[in-house]
Amino acid sequence: ATRLVYKHPLHPYQTMNFSSSLRSAAMAVQGKKERKPQVKPIVASAKEGVQITELDAFMFKYFGKESPIIPLGVFTTAIILGSGLVSFNSGDKATSQTFMRARVIAQGITVAAMMASLAVQERQRTLGLL
């Protein structure tokens, strides 16, 4: 929705927003027709009438329902955990500790990706894309 903004001549930093009905009335008095903006999807895969940005398209691709990042994070966490357990079993406590710290970091990143995925899916539902 576009806004008609009035800037006061003596106070240019103070603005007044008019509602769409006042805008329509003002345009009718001036003899102008009100133009309805046409919404075109930025990304070809979007539903007709839904406009999504490039950031939304990126997030939908990598953090959507079929996100490749979450399984990759789970797999990475499992590999680091297994390597840490093997290192612990062999008696190398310093390396085992390093692997366990790396596991915590990988696990945190994976949980953050899961939360981002939930937020992205909610955004897709809000836009009617799911």
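Look up: the structure comes first, before these words.
Residues numbered from 1 in each chain as written. Predicted model: local features only at pLDDT ≥ 70, side-chain atom pairs only at ≥ 80, totals over all residues. Heavy atoms only, no water.

With that settled, the discussion passes to helix 2 (residues 54-63). Buried residues of helix 2: Asp56, Phe60 and Phe63, and no others. Along the axis of helix 2, the buried residues cluster in a sector spanning 105°; they form a single face. Opposite the buried face of helix 2, at more than 90 degrees from it, the exposed residues are Glu54 and Lys61. In this fold, the buried residues of helix 2 make contact with helix 3 (69-90) and helix 4 (93-127). (Buried < 20%, exposed > 50% of the residue type's maximum accessible area, 1.4 Å probe, protein only. Helix = DSSP H or I, 4+ residues; strand = E, 2+ residues; numbered from the N terminus. Arc of directions from axis to C-beta. Contact = heavy atoms within 4.5 Å.)

Another point: the pattern of salt bridges. Taken as a whole and judged by the stated rule, the model has 2 salt bridges. Notably, a salt bridge pairs Asp56 with Arg123, separated by 2.9 Å at the nearest N-O pair. One end of the pair, Asp56, is in helix 2; the other, Arg123, is in helix 4, with 67 residues separating them in the sequence. A residue is classified by how much of its surface remains accessible, and Asp56, at 13% relative accessible area, is buried. The partly exposed category is assigned to Arg123, whose relative accessible area is 34%. Residues Arg125 and Glu122 are paired through a salt bridge, measuring 3.4 Å at the closest nitrogen-oxygen approach. (Salt bridge = Lys/Arg side-chain N within 4 Å of Asp/Glu carboxyl O.)

In the contact formed by helix 3 and helix 4, the axes pass within 8 Å of each other and the chain directions differ by 165°. With respect to helix 4, the element helix 3 is oriented roughly antiparallel. With respect to the hand of their crossing, helix 3 and helix 4 are arranged in left-handed fashion. Counted together, Ile69, Ile70, Gly73, Val74, Thr77, Ile80, Leu81, Ser83, Gly84, Leu85, Ser87 and Phe88 of helix 3 and Thr95, Ser96, Phe99, Met100, Ala102, Arg103, Ala106, Gln107, Thr110, Ala113, Met114 and Ser117 of helix 4 form the full contact between these two elements. A class-by-class count of the residues in the contact of helix 3 with helix 4 yields 13 nonpolar, 10 polar and 1 charged. (Axes fitted to C-alpha atoms, helices over the stretch in contact; angles between N-to-C directions. Parallel < 35°, antiparallel > 145°, perpendicular 65-115°, else oblique. Left-handed = near helix turned anticlockwise from the far one by under 90°. Nonpolar A, V, L, I, M, F, W, Y, C, P; charged D, E, K, R; others polar.)

Geometric descriptors of this kind do not, in isolation, establish any biological role.
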